[in-house]
Amino acid sequence: MLVGLIGAGRIGTFHAETLAASGHHLLIADADPARAAALAADTKAETAPLDTLFRRASAIVITTPTATHPELITRAARAGLPTFCEKPIALTPAASLEALRAAEEVGILLQLGFQRRFDPGYRAARDALRAGRLGRLHTIRTVTSDAAPPPPEFLPLSGGLIRDCLVHDFDAVRWLTGREVTEVYARGSAGGADFFREAGDVDTAAALLTLDDGTLVTATATRYNGAGHDVRTELAGERDQWVVGLGERTPVTSAEPGGPGAPARPWTGFLERFAAAYRAEIAHFLLAARGEAPNPCSGRDALAAALVAEACELSRREGRPVRMAEMAGPYTRPR
């Protein structure tokens, strides 16, 4: 398959290496031609302007900054090309809906990059939960902690901590449980670098979610976790409790006498922590693009997670609980 990869940054490079290793030929485009050329040389690929890429490719992988996603998804839809796009679809739910409708109108495959759906721990926990091994689920606790903050110029491109990081937890909760969020309450703080406050963002956030069956979810995130990159999800049921992300590299230290100390090699970042999941999602996309597998994460799934993130941002700004019913109007109406 001839795959057009748009975006030669950090995650684009990872996907390019995965695609090249699996024997697929690549056409690479990037706003920085030198960066595209360097990645093409490393992966034995070709560079191409966007017009050529959309004309020649059999499938598209989008790893560019979020603000560019809607236009690229729309162009892929017009070309009739199955498309993989890193999350989120867009910076706002309204723009996401606009791009999603462009894809739906022509019926192309649009798979979004929520890689946790392909992580072995998350998949095992989902299977156990769905099989009834935990009994009635009453509580979920999620943690997403970066080892160090991103560069200041990333913040305006990301949409903020809740939309950028916690949205993964919101998608994972929906995928694990099969339930919908009905209400959120979120708080944030910015006690670190000044550039968070200057961008109107926070460096630490916590949200309480209520699911439609009454299950309670606490979701926390921070840009300052010097112990290492930490992503965990605890599923607590009447019969059993399962934890995703608890292993020899989890950056936590037990305070109990004789308990485990800090890991010798904590996770350093998301690419290392989820390397296998990133490879698996691209492999699945190639199968789906050929019509050999279903879409594992649709644009509608991505929009649902984005709406939860948007509700949390509204709650954080206004200091009040937000019902998800409030998000069905102005936030999903096209621009």
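Only a predicted model underlies this, so the values are computations on that prediction, with no experimental measurement involved.

Right, let's get into the pairing of strand E5 (residues 83–86). What you see with E5 is no split at all: Thr83 and Cys85 on one side and Phe84 and Glu86 on the other are buried throughout. Examined bridge by bridge, strand E4 (residues 59–62) and E5 share three bridges and lie parallel to one another. What sits directly across from isoleucine 60, in E5, is threonine 83. Once you follow E4 into helix H4 (residues 69–79) and on to E5, the crossover reads as right-handed.

Along the polypeptide, glutamine 115 turns up in the loop between strand E6 (110–113) and helix H6 (120–130). Residue glutamine 115 is classed as buried on the basis of its relative accessible area, which comes to 3%. In this structure, glutamine 115 is in contact with His168, Phe274, Ala277, Tyr278 and Glu281, ignoring residues within four places of it in sequence.

Right, let's get into H6. By the burial criterion, the buried members of H6 are Tyr122, Ala125, Ala128 and Leu129. For H6, the buried positions fall inside an angular range of 130° around the axis, keeping them on one side. Among the exposed residues of H6, those pointing more than 90 degrees away from its buried face are Pro120 and Asp127. Considering only its buried residues, H6 is in contact with strand E7 (137–145), helix H8 (161–177), strand E11 (230–237) and strand E12 (241–244). A positive backbone phi angle near 85° is found at glycine 132, which sits one or two residues after H6.

We now examine the packing of helix H5 (residues 93–106) against helix H12 (residues 299–318). Closest axis-to-axis distance for the H5/H12 pair is 10 Å, and the angle between their directions is 175°. The orientation of H5 with respect to H12, classified from their angle, is roughly antiparallel. Contacts between H5 and H12 pair Pro93, Ser96, Leu97, Leu100 and Glu104 from the former with Gly299, Arg300, Leu303, Ala306, Leu307 and Glu310 from the latter. Its residues placed into classes, the contact of H5 with H12 shows six nonpolar, two polar and three charged.

Summarising burial for strand E2 (residues 25–29): four of the five residues are buried, a large majority. Note that the unit made of strand E1 (residues 2–6), helix H1 (residues 10–21) and E2 has a crossover that is right-handed. The pairing of E2 with strand E3 (residues 46–47) spans two bridges and is classified as parallel. Along E3, the bridge assignment pairs isoleucine 28 with threonine 47. Handedness of the crossover joining E2 and E3 through helix H2 (residues 33–43): right-handed.

The rules behind these values
Residues numbered from 1 in each chain as written. Predicted model: local features only at pLDDT ≥ 70, side-chain atom pairs only at ≥ 80, totals over all residues. Heavy atoms only, no water. Buried < 20%, exposed > 50% of the residue type's maximum accessible area, 1.4 Å probe, protein only. Helix = DSSP H or I, 4+ residues; strand = E, 2+ residues; numbered from the N terminus. Pairing = 2+ DSSP bridges. Right-handed = clockwise from strand over helix to strand, strands pointing away. Contact = heavy atoms within 4.5 Å. Arc of directions from axis to C-beta. Axes fitted to C-alpha atoms, helices over the stretch in contact; angles between N-to-C directions. Parallel < 35°, antiparallel > 145°, perpendicular 65-115°, else oblique. Nonpolar A, V, L, I, M, F, W, Y, C, P; charged D, E, K, R; others polar.

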